[in-house]
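A closer look at the structure
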Amino acid sequence: MPATQPEQPTYQELVQQNQLLKDELIHAQRLTSMGELVGTTTHEFNNVLMSVINYAKLGLRNKDEAARDRAFDKILSAGQRAATITNTVLAMARNRSTGIGPTDIAPIIEETLVLLEREMQKFRIDVQTDIEPDAGLAQANGNQVQQVLLNLLVNARQAIGADGGTIRIRLTANQSTNTVDLSVQDSGPGIPQDQLQKVFEPYFTTKQGPDETGKGGTGLGLSACRHIIEAHRGRIRVESKLGKGTTFTIRLPQASSADESDSFESDRIAAAK
Ligand SMILES: Nc1ncnc2c1ncn2[C@@H]1O[C@H](COP(=O)(O)OP(=O)(O)OP(=O)(O)O)[C@@H](O)[C@H]1O
Ligand SMILES: [Mg+2]
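Residue positions are counted from 1 within each chain, in the order its sequence is given. Lettering for chains starts from A, numbering for ligands starts from 1, and both go in the order in which the items are written. Thresholds applied to this predicted model are a pLDDT of at least 70 for local features of residues and 80 or more for the giving and counting of side-chain atom pairs; totals over whole chains, interfaces and linings are not thresholded and use all residues.

Take the environment of Pro 202 next. Labels follow the DSSP assignment, with helices taken as runs of H or I lasting at least four residues and strands as runs of E lasting at least two, numbered in each case from the N terminus. With respect to the helices and strands, Pro 202 occurs in the loop between strand E5 (179-186) and helix H5 (221-231). A C-alpha to C-alpha distance of 5.2 Å links Pro 202 and Leu 220, two positions 18 residues apart in sequence.

Have a look at this one:
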């Protein structure tokens, strides 16, 4: 008697499964980047508190006015930094919508840099930004764009390694493609030609596992970035020169006035649910 063949999934079922897996990957990545944010901010907060406590002790020990003034100055700037961190986290929490709508990318860049500021300092990386003031709004989901940016910045920082270097972030409106273009350029070692297209494949990694900050090594970062950008009907591409560095550029569709009413409509629908 011939063995019965297991039923083959149809093409449609495979497409559905594929989409499901992509959604799961994006969700898992979102949790990872949330974990990263919580980890970074807790660590930063602890540093700030240490400054406050130590300078308060110093001020109490020293009776002369000049030393106390210096201690107060340090406590004040630590307090201001703490306020910046909490405001950033609150702004991100407020912007937790899951939909795509007209989104200003510039504040997302700034918020992400606040979170990575200490890490970049620690690795002696000079982060330069070049943000076009009228870059306009992209048709995007802010949280997802931030997730992509975090992945690109952590990759750039890891590529640069221990000796320090430069990361340049650019935001421009591209009128020929009707897109808002965001690029992250690093002064790292570059990517060999034969690996260039592989970097977007899931599980492709050249890292030995998580680094000292606990980041990197699964090979899922760029693959999630590509899924996110494609879901926005945008593009992500990479250019690299060995010994010179690497640039990742994402292109997001510009928001039009019609998108404005679309997103208003979808907000109303979401609110009515
Ligand atoms: N800026 C860069 N410079 C040089 N190589 C890079 C850069 N960004 C990515 N790569 C290469 O592409 C590979 C894949 O990157 P990807 O972000 O997908 O995974 P990963 O960083 O290895 O791990 P993780 O999933 O934790 O992000 C990296 O291992 C590295 O070899
Ligand atoms: Mg990565």
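What follows picks up the thread again.
Judged by nonpolar contacts, the single largest core of 35 residues is most densely connected at Ile 105, Val 148, Leu 149, Leu 152, Leu 153 and Cys 225. If you list the elements that add at least two residues to this core, you get helix H3 (106-122), strand E3 (137-140), helix H4 (142-160), strand E4 (165-174), E5, H5 and strand E7 (245-253). The element best represented in this core is H4, accounting for nine residues. Core membership is restricted to buried Ala, Val, Leu, Ile, Met, Phe, Trp, Tyr and Cys residues, and these are joined into a nonpolar core through C-beta atoms within 7 Å. Here exposure depends only on C-beta density: within 10 Å of a residue's C-beta, 20 or more other C-beta atoms make it buried, 12 or fewer make it exposed, and intermediate numbers make it partly exposed, the C-beta atoms being placed from the backbone.

By the convention used here, strands pair only if DSSP detects at least 2 bridges between them. Where strand E2 (residues 125-131) lies against E4, seven bridges are found, and the strand directions are parallel. By the bridge assignment, Thr 129 is partnered in E4 with Ile 169. The pairing of E4 with E5 spans eight bridges and is antiparallel. By the bridge assignment, Arg 168 is partnered in E5 with Gln 185.

All right, on to the site of ligand 1 then. Defining nearness, a residue is near a molecule or strand when the C-beta atom obtained from its backbone falls within 6 Å of it. Close contacts around ligand 1 come from 21 residues, with Ala 159, Thr 205, Thr 206, Gly 221 and Leu 222 the closest. Put simply, the parts of the chain that give the shell around ligand 1 at least two residues each are H4 and H5. Top element by residues in the shell around ligand 1 is H4. It accounts for four residues.

On to the sheet that holds E7. Reading across from one edge, E2-E4-E5-E7-E6 is the order of the five strands in this open sheet, with mixed pairing throughout. Each edge of the open sheet carries a strand with a single partner, namely E2 and strand E6 (235-241). Averaged over all adjacent pairs, the angle separating strand axes in this sheet is 15 degrees, with direction ignored. Two strands pair when backbone bridges link them, and E6 and E7 are joined in this way by seven bridges, in the antiparallel orientation. Among the inter-strand pairings, Arg 235 is bridged to a residue of E7, identified as Arg 251. Running at roughly 175 degrees to E2, H3 makes contact with E2 and E4 of the sheet. Residues are defined as contacting one another if the C-beta atoms placed from their backbone atoms lie within 7 Å. Axis definition: a line fitted to C-alpha atoms, over the contacting stretch in the case of helices. Angles run 0 to 180 degrees between N-to-C directions. Its contacts with the sheet put H4 on E2, E4, E5 and E7, and the angle it makes with E5 is roughly 20 degrees.

Now for the environment of His 27. Tracing the sequence through the fold places His 27 in helix H1 (residues 11-61). Separated by 197 residues in sequence, His 27 and Ala 224 have C-alpha atoms that sit 9.3 Å apart.

Further remarks concern the packing of H4 against H5. Between two packed helices, both the angle of their axes relative to each other and the distance between the axes serve to describe the pair. Direction vectors running N to C along H4 and H5 enclose 150 degrees, while the axes themselves pass 10 Å from each other. Of the possible angle classes, the one that applies to H4 and H5 is roughly antiparallel. You can see that H4 and H5 cross each other, and the crossing is left-handed. Residue-level contacts link Gln 144, Gln 147, Val 148, Asn 151, Leu 152 and Asn 155 of H4 to Gly 221, Leu 222, Ala 224, Cys 225, Ile 228 and Ile 229 of H5. Across the contact of H4 with H5, the residue classes tally to seven nonpolar, five polar and no charged. Here roughly perpendicular refers to angles of 65 to 115 degrees, roughly parallel to angles under 35, roughly antiparallel to angles over 145, and oblique to all remaining angles. By convention, the crossing between two helices is left-handed when the near helix turns anticlockwise from the far helix through less than a right angle, and right-handed when the turn is clockwise. Classes in brief: Ala, Val, Leu, Ile, Met, Phe, Trp, Tyr, Cys and Pro nonpolar; Asp, Glu, Lys and Arg charged; the others, Gly included, polar.

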